[in-house]
Amino acid sequence: MIDGHSVLGVILARGGSKGLPRKNVRDLAGKPLIAWTIEAGHESEDLDRLILSSDDKEIMTVGEEYGCEVPFRRPDEFARDDTPSIDALLHAVDQVESYEYIVLLQPTSPLRTADDIDATIACCHRNGGTACVTVTETDKPPQWMYTLGENNRLDPVMDRDEAITRRQEATTTYIPNGAVYVAGTTCLREHETFYTDATIGHPMPLERSVDVDTALDLAWCDVLLERNLHTEVRKRS
């Protein structure tokens, strides 16, 4: 709860991942991938309730083992490859009592912390309950990006009046990192998206912004978590 406003956290975890099969229950540093999101949600000071929406029995079982509430099984029509996430989210919201804020936590962002969750909720609340999403700074400016045209011709993504040769000359740009999405329930139902003209961004550091889509992403998370563990050990020594 934030300033007397109730907050619902929702984890969407479909069983049919194709890029990295069984992604949500893959081992990451001794825990299933989804467990990292559940634990961060439990550590949040602002979430009043955390629920899991899944169509997969194993994922639901793992969720319950890590203390996440699983009040329903997601119907198949909301678990297809082409089902928009917002449809699955609104279905989940409809299955429980009303809350004033909705927080979507994707299980593919295991490095996001409870502080990241609470800070994004606070940003959304200060913005009048519209929407706030976490973002991270891009490592390359869009002025350096191209598409491949006919015969692999390099076509610039952006129209440029002059070339930028040094990164420091470019305007700082951000990209959504998928870690935390927050919106007022009224706003979310009205727009059926977190992205509106009033949406704001909450920056997160690159090292907590990994979005697991591939086995390489998972391995990189393992490296970062191991590094963090060693850092904590040194601090306590």
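Quick caveat, the model's predicted, so the values are computed rather than measured.

Conventions we followed
Residues numbered from 1 in each chain as written. Predicted model: local features only at pLDDT ≥ 70, side-chain atom pairs only at ≥ 80, totals over all residues. Heavy atoms only, no water. Helix = DSSP H or I, 4+ residues; strand = E, 2+ residues; numbered from the N terminus. Phe/Tyr/Trp six-rings, centres within 6.5 Å; stacked < 30°, edge-to-face > 60°. Buried < 20%, exposed > 50% of the residue type's maximum accessible area, 1.4 Å probe, protein only. Lys NZ or Arg CZ within 6 Å of the ring centre and 35° of its normal. Pairing = 2+ DSSP bridges. Axes fitted to C-alpha atoms, helices over the stretch in contact; angles between N-to-C directions. Contact = heavy atoms within 4.5 Å. Disulfide = S-S within 2.5 Å. Salt bridge = Lys/Arg side-chain N within 4 Å of Asp/Glu carboxyl O.

One non-glycine residue, Ala 29, lies in the positive phi region at around 55 degrees. Relative to the assigned elements, Ala 29 resides in the loop between β2 (27-28) and β3 (31-32). The phi angle at Asn 152 is positive, at roughly 60 degrees, despite the residue not being glycine. Mapped onto the elements of the fold, Asn 152 is located in the loop between β7 (146-148) and β8 (154-156).

The subject of this paragraph is the packing of aromatic side chains. Per the counting criterion, the structure on display carries two aromatic pairs. Each ring, one from Tyr 181 and one from Phe 194, has its centre 5.3 Å from the other, and the planes form 45 degrees; the classification is tilted. Of this pair, Tyr 181 sits in strand β9 (residues 174-184) while Phe 194 sits in the loop between α5 (185-191) and β10 (200-203), and the two are 13 residues apart along the sequence. The exposure classification of Tyr 181 matches that of Phe 194, with both residues buried. Taking 6.5 Å as the distance between ring centres and 85 degrees as the angle between the ring planes, the aromatic pair formed by Tyr 181 and Tyr 195 counts as edge-to-face. In this pair, Tyr 181 sits in strand β9 while Tyr 195 sits in the loop between α5 and β10, placing the two residues 14 residues apart along the sequence. Its relative accessible area of 42% is what places Tyr 195 among the partly exposed residues. By way of ring pairs, the aromatic residues Tyr 181, Phe 194 and Tyr 195 are connected into one cluster. The side chain of Lys 31 reaches across the aromatic face of Trp 36, ending 4.1 Å from its centre.

Before going further, it helps to spend a moment on the environment of Pro 205. Tracing the sequence through the fold places Pro 205 in the loop between β10 and α6 (215-236). The class of Pro 205 is partly exposed, set by a relative accessible area of 26%.

Residue position: Thr 120 is located in helix α4 (residues 114-126). Classification of Thr 120 as buried rests on a relative accessible area of 0%.

Looking now at the sheet that holds β9. Read from one edge to the other, the open sheet built from six strands follows the order β4-β1-β5-β9-β6-β10, with strand pairing classed as mixed. This sheet does not close on itself; its edge strands, each paired only once, are β4 (49-53) and β10. Strand-to-strand twist in this sheet, taken as the mean axis angle between neighbours without regard to direction, amounts to 30 degrees. Strand direction decides the pairing type here: strand β6 (residues 131-137) and β9, joined by six bridges, are antiparallel. Residue pairing across strands places Cys 132 opposite Val 182, the latter belonging to β9. Against the sheet, helix α1 (residues 33-43) engages β1 (7-12), β4 and β5 (101-105), with an angle of about 160 degrees to β4.

Bringing the state of the cysteines into the picture now. Counted under the stated rule, the structure contains zero disulfides. In this structure Cys 132 is not part of a disulfide, and its nearest cysteine sulfur, from Cys 123, lies 4.7 Å away. With no disulfide of its own, Cys 221 lies 19 Å from the sulfur of Cys 68, the closest cysteine sulfur.

Here we take up α1. Buried residues dominate α1, accounting for eight of its 11 residues. For α1, the full list of buried residues reads Leu 33, Ile 34, Ala 35, Trp 36, Thr 37, Ile 38, Ala 40 and Gly 41.

Now for the pattern of salt bridges. If you walk through the whole model with that rule in mind, you get 13 salt bridges. Asp 81 is the partner of Arg 14 in a salt bridge, and the nearest nitrogen-oxygen pair spans 2.9 Å. With Arg 14 in the loop between β1 and β2 and Asp 81 in the loop between α2 (57-65) and α3 (85-94), this residue pair connects regions lying 67 residues apart in the sequence. Arg 14 sits in the partly exposed class, given a relative accessible area of 24%. Measuring nitrogen to oxygen at the nearest pair gives 2.4 Å for the salt bridge that ties Arg 49 to Glu 69. Of this pair, Arg 49 sits in strand β4 while Glu 69 is found in the loop between α2 and α3, placing the two residues 20 residues apart along the sequence. Bridged by salt links that share partners, the residues Arg 22, Asp 56 and Glu 58 form one connected network.

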